[in-house]
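Read off the chains here:
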Amino acid sequence: MKKPTMLTYLDQLITKDITEYDVALDWNTRNHSIEVVFRLFAENTAHEQIDDATGTVSEEEIIEFEDGVLFYNPAKTSVDENDYLAVIPYEGKKGIKQYVLDGFVTYLNEVLTEGQSDLLDFLTEEDQEVFELKWSDEAFERAVEQYQKADGDTYIAYPSY
């Protein structure tokens, strides 16, 4: 049986554990990165005017919010951290420890669940002026630590092209 790569392992975990949200993987071979892209949707039944970060105004019935987390190789990837909810380094071809990926998927599911609730609040409560997903490095580290002993020091390799 072929050993999993970061791409296949993440895909399996996300498919199994994050069933309520639209999540996709985008592997950028040139930039040596894997982006986990996710979308949240909510009904804008009141047709409120919503403007996004770029100033585009929408009154659509369904609001779509998209963000991403980037796994990157610090030695080869050019990245603007402000473009992502979070950035997580990996160790070149060696990849990343399995427990980091396990903790990531667990924590991402929590972030998306909380984010979906916050998005609905944003659309229904007048005092909510801004919506954004919340990522806590401390909460991410706690999620990773849950898997550290069980997974040991097993690495999941970066995919070869």
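Owing to the predicted nature of the structure, the values given are computational and were not obtained by experimental measurement.

What should I look at first to understand the packing of helix 1 (residues 6-17) against helix 2 (residues 98-124) in this one?
A pair of packed helices is characterised by two quantities: the angle between their axes and the separation of those axes. Interhelical geometry of helix 1 versus helix 2 gives an angle of 35° and a closest axis separation of 10 Å. You can see that helix 1 and helix 2 cross each other, and the crossing is right-handed. In this structure, helix 1 uses Met6, Tyr9, Leu10, Leu13, Ile14 and Asp17 to contact helix 2, whose residues at the interface are Gln98, Leu101, Asp102, Phe104, Val105 and Asn109. Classifying every residue of the contact of helix 1 with helix 2 by side-chain character gives 8 nonpolar, 2 polar and 2 charged.

How do you make sense of the pattern of salt bridges when you look at a structure like this?
Close approach of charged atoms allows side chains with opposite charge to pair. Scanning all chains against the criterion turns up 6 salt bridges. Here Asp17 makes a salt bridge to Lys16, at a shortest N to O gap of 3.2 Å. Residues Asp118 and Lys134 are paired through a salt bridge, measuring 3.1 Å at the closest nitrogen-oxygen approach. You can see Asp118 sitting in helix 2 and its partner Lys134 sitting in the loop between helix 2 and helix 3 (137-151), a full 16 residues away along the chain. Take Asp118: its relative accessible area is 16%, and that puts it in the buried class. Linked through salt bridges whose partners overlap, the residues forming this network are Asp22, Arg39, Glu64 and Glu66.

What exactly am I supposed to notice about the environment of Val130 here?
Within the secondary structure layout, Val130 lies in the loop between helix 2 and helix 3. In this structure, the C-alpha to C-alpha distance between Val130 and Leu119, residues 11 residues apart in sequence, is 9.3 Å.

Please explain the pairing of strand 1 (residues 22-28) as it appears in this structure.
Along a regular strand, successive side chains alternate from one face of the sheet to the other. Here strand 1 runs beside strand 2 (residues 33-43); their pairing, made up of 7 bridges, is antiparallel. Within strand 2, the residue paired with Asp26 across the bridge is Glu35. Linkage of strand 1 to strand 2, two consecutive antiparallel strands, is achieved through a turn of 4 residues, within which His32 is found at a positive phi near 50°.

Cut-offs and rules
Residues numbered from 1 in each chain as written. Predicted model: local features only at pLDDT ≥ 70, side-chain atom pairs only at ≥ 80, totals over all residues. Heavy atoms only, no water. Axes fitted to C-alpha atoms, helices over the stretch in contact; angles between N-to-C directions. Helix = DSSP H or I, 4+ residues; strand = E, 2+ residues; numbered from the N terminus. Left-handed = near helix turned anticlockwise from the far one by under 90°. Contact = heavy atoms within 4.5 Å. Nonpolar A, V, L, I, M, F, W, Y, C, P; charged D, E, K, R; others polar. Salt bridge = Lys/Arg side-chain N within 4 Å of Asp/Glu carboxyl O. Buried < 20%, exposed > 50% of the residue type's maximum accessible area, 1.4 Å probe, protein only. Pairing = 2+ DSSP bridges.

So far we have only geometry, and geometry alone does not tell us how the molecule works.
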